Amino acid sequence: MEKTPIPDEVQRFILLAIPSVPYLEAILLMRGGPGLTWDVAQIARRLYLSDKVAKGLLADLTAGGIARREPQMPNRFRFAPQSAQLVAMIDQLAAAYSQNLIGVSTLIHSKTNRKAQLFADAFVWKKER
């Protein structure tokens, strides 16, 4: 079975805005229940993460304009992308992930691996000439 290619604009969005697979999974989880509110423990349990990691994800999603804190319930969060363009991009990303999970995951990991390689390269001793 041939994999569906990831559209260029989705690839750019992944490289610029999706730092990890758990971040993506949190977006998709919250997107799946747009009228629901979520707390740290629910996100942690549903994504098999520690509360600390889930708390960080919710903070990052809020900072990224994808989720927002509920004003009356500050420990609860709701899927609330800041623009129609962001909603459309997340919809495209969700479609790409459902059609090419390995390709999307590999793209996210390749970005992480590149950063790690750049960091490691900074400590490589160069031969003096």
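Check the entry above for the structure.
Keep in mind that what you see is a predicted model, and the values were worked out from it rather than measured.

**Student:** Explanation requested: the overall build of the protein in the structure shown.
**Tutor:** Tallying secondary structure elements over the protein gives 6 helices and 3 strands in all. Counting every position in the protein, which comprises 129 residues, the buried fraction comes to 36%. Of the contacts formed within the protein by residues at least 6 apart in sequence, a portion of 60% connects residues at least 24 apart.

**Student:** It is not clear to me how the pairing of strand β3 (residues 73–79) should be interpreted in this structure. Could you clarify?
**Tutor:** It is a general feature of regular strands that their side chains alternate between the two faces of the sheet. Strand direction decides the pairing type here: strand β1 (residues 37–38) and β3, joined by 2 bridges, are antiparallel. Bridging from a neighbouring strand, W38 pairs with F77 of β3. Sheet topology places strand β2 (residues 67–70) next to β3; 4 bridges connect them, and they run antiparallel. Pairing of E70 across the sheet is with M73, part of β3. Linking β2 back to β3 in an antiparallel pair, the connection comprises 2 residues.

**Student:** Honestly, the sheet that holds β3 in this entry has me stumped. Any pointers?
**Tutor:** Backbone-to-backbone hydrogen bonds join strands into a sheet, with any given pair of strands oriented parallel or antiparallel. Spatial ordering of the open sheet is given by β1-β3-β2, a layout of 3 strands whose pairing is antiparallel. The open sheet terminates on both sides in strands that have one partner only, identified here as β1 and β2. Sitting on the sheet, helix α2 (residues 21–31) touches β1, β2 and β3, and the angle it makes with β3 is about 85°.

**Student:** Honestly, the packing of α2 against helix α5 (residues 84–99) in this entry has me stumped. Any pointers?
**Tutor:** Between two packed helices, both the angle of their axes relative to each other and the distance between the axes serve to describe the pair. Contact pair α2 / α5: the axes reach a minimum separation of 11 Å and the direction vectors enclose 110°. Put simply, α2 runs roughly perpendicular to α5. Where α2 crosses over α5, the handedness of that crossing is left-handed. When α2 is examined against α5, the residues V21, L24, E25, I27, L28 and R31 are found in contact with a partner set consisting of I90, D91, L93, A94 and Y97.

What counts and what doesn't
- Residues numbered from 1 in each chain as written.
- Predicted model: local features only at pLDDT ≥ 70, side-chain atom pairs only at ≥ 80, totals over all residues.
- Heavy atoms only, no water.
- Helix = DSSP H or I, 4+ residues; strand = E, 2+ residues; numbered from the N terminus.
- Buried < 20%, exposed > 50% of the residue type's maximum accessible area, 1.4 Å probe, protein only.
- Contact = heavy atoms within 4.5 Å.
- Pairing = 2+ DSSP bridges.
- Axes fitted to C-alpha atoms, helices over the stretch in contact; angles between N-to-C directions.
- Parallel < 35°, antiparallel > 145°, perpendicular 65-115°, else oblique.
- Left-handed = near helix turned anticlockwise from the far one by under 90°.

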